[in-house]
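For reference, the chains in residue letters:
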Amino acid sequence: MAGTVEQNLAAQGIVLPAPKAPVANYVPFVRSGNLLFVSGQVCFDAEGKLIAKGKLGAGLSVEQGAAAARGCGINLLAQVKAAIGDLDKVVRVVRLGGFVNSAPDFLDGPKVLNGASDLMVAVFGDKGRHARTTVGVAALPSDAAVEVEGVFEVA
């Protein structure tokens, strides 16, 4: 039987994809004590296609960016599940760090990252509330619109 978190995902129609392998010399996650550090996840969908490609504020809307950030959040959860086996072992989402592929004058990066933050709260409830940083960047791998990394306290 699926745990509470997996039931929350299913209720939202979310199926976790197979976690993506690293594309360079790093690992997808590191556990140190009760903290799980998950490497940045770009906005690939389950078929490996980018949810949004290009720059926010130069062809992509805040809504498209938020959908991409939500996709990054789903990929983060897939890595967490691979790391600990059961998402109900997440004690707290501690921090998300977001990178938004932005035009120089794009100022709504925090609204974009709400796509990932809202997902964490929807899935984990109050345990999903977290600290966060959002940074606009000149480019991301594969010209992805968004990349998100995370720190999770786990049992």
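Residues numbered from 1 in each chain as written. Predicted model: local features only at pLDDT ≥ 70, side-chain atom pairs only at ≥ 80, totals over all residues. Heavy atoms only, no water.

## Focus: the layout of surface pockets
- Of the volumes computed, that of the largest pocket is approximately 250 Å³.
- Lining the largest pocket are 15 residues, with V23, Y26, G40, V42 and F44 sitting closest to its centre.
- For the lining of the largest pocket, the secondary-structure elements that each account for two or more residues are β2 (35-42) and α2 (62-84).
- Per-element tally for the lining of the largest pocket: the top contributor is β2, with three residues.
- Of the residues in the lining of the largest pocket, the class split is eight nonpolar, five polar and two charged. (1 Å grid on protein atoms, 1.4 Å probe; cavity = no way out; pocket = protein on both sides within 12 Å on 5 of 7 lines; lining within 4 Å. Points joined across faces, edges and corners; volume = space filled by probe spheres on them. Helix = DSSP H or I, 4+ residues; strand = E, 2+ residues; numbered from the N terminus. Nonpolar A, V, L, I, M, F, W, Y, C, P; charged D, E, K, R; others polar.)

## Structural notes on the nonpolar core
- Membership of the largest hydrophobic core comes to 40 residues, with the highest contact counts inside it found for V80, V112, M120, F124, V146, V148 and F152.
- Taken together, the elements giving at least two residues each to this core come down to α1 (4-11), β2, α2, β3 (90-101), α3 (109-124) and β5 (146-154).
- Tallying contributions element by element places α2 first for this core, with eight residues.
- Once residues lying within four places of it in the same chain are set aside, the contact partners of F152 are N34, L35, L36, V38, V80, V90, R92, V93, V94 and M120. (Core = buried A, V, L, I, M, F, W, Y, C linked by side-chain atoms within 4.5 Å. Buried < 20%, exposed > 50% of the residue type's maximum accessible area, 1.4 Å probe, protein only. Contact = heavy atoms within 4.5 Å.)

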